[in-house]
Amino acid sequence: MEDDELHFMQDMLAGTELLMCSACGEETLHAHEEVLDVSPVATELKMQCTCCQTTRTWTDWTPPHQRIQLN
Ligand SMILES: [Zn+2]
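Residues numbered from 1 in each chain as written. Predicted model: local features only at pLDDT ≥ 70, side-chain atom pairs only at ≥ 80, totals over all residues. Heavy atoms only, no water.

Even after reading the chapter, I still don't get the pattern of salt bridges, so can you show me in this structure?
Between side chains of opposite charge, a pair can form as their charged atoms come close. By the definition in use, this model includes two salt bridges. Its salt-bridge partner being Glu-33, residue Lys-46 comes within 3.7 Å of it at the nearest N-O pair. Separated by 13 residues along the polypeptide, Lys-46 in strand E3 (residues 43-49) and Glu-33 in strand E2 (residues 26-38) bring together distant segments of the chain. Here Lys-46 falls in the partly exposed class, since its relative accessible area comes to 25%. Its relative accessible area of 39% is what places Glu-33 among the partly exposed residues. Residue Lys-46 pairs with Glu-34 through a salt bridge whose shortest N-O separation is 3.9 Å. Here the residue Lys-46 occupies a position in strand E3, and Glu-34 occupies one in strand E2, the gap between them amounting to twelve residues. Note on Glu-34: relative accessible area 40%, which makes it partly exposed. (Salt bridge = Lys/Arg side-chain N within 4 Å of Asp/Glu carboxyl O. Helix = DSSP H or I, 4+ residues; strand = E, 2+ residues; numbered from the N terminus. Buried < 20%, exposed > 50% of the residue type's maximum accessible area, 1.4 Å probe, protein only.)

Quick look at the structure:
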């Protein structure tokens, strides 16, 4: 479990996430491209597939205090 968490943290630091890509038809590495919206409970991001460059939106439910804070 701790290894999974560590891996997740490393992914976040690298700015990439493993997400389902509708164009590739499988889970591929997506790079953070743009922050679309930040709410108190989640962050909405524009993600780009590193395989085919297709972009999609993705909601990150990580508590915002670990990420961007709006004051
Ligand atoms: Zn793709």
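So much for the structure itself; the text now carries on.
Teacher, can you tell me more about the state of the cysteines here?
Applying the stated criterion to the full structure yields zero disulfides. Between Cys-51, a free cysteine, and Cys-49, which holds the nearest cysteine sulfur, the sulfur-to-sulfur gap is 4.5 Å. (Disulfide = S-S within 2.5 Å.)

What should I look at first to understand the sheet that holds E2 in this one?
Within the open sheet, the four strands sit side by side as E1-E2-E3-E4. Their pairing is antiparallel. Looking at strand neighbours, the two that pair on one side only are strand E1 (16-21) and strand E4 (55-60), the edges of this open sheet. Across the sheet, the mean angle from the axis of one strand to that of its neighbour is 50 degrees, orientation sign disregarded. With seven bridges connecting them, E2 and E3 associate as antiparallel partners. Bridge assignment links His-32 to a residue of E3, and that residue is Met-47. (Pairing = 2+ DSSP bridges. Axes fitted to C-alpha atoms, helices over the stretch in contact; angles between N-to-C directions.)

Any chance you could explain unusual backbone geometry here in plain terms?
Of note in the backbone geometry, Gln-53 takes a positive phi value of approximately 70 degrees without being a glycine. Turning to its location among the elements, Gln-53 is positioned in the loop between E3 and E4. According to the relative accessible area criterion, Gln-53 is partly exposed, its value standing at 44%.

What should I look at first to understand the environment of Thr-43 in this one?
Along the chain, Thr-43 falls in strand E3. Given the relative accessible area of 1%, Thr-43 is considered buried. Along the sequence, Thr-43 and Trp-58 sit 15 residues apart, while their C-alpha atoms lie 8.3 Å from each other.

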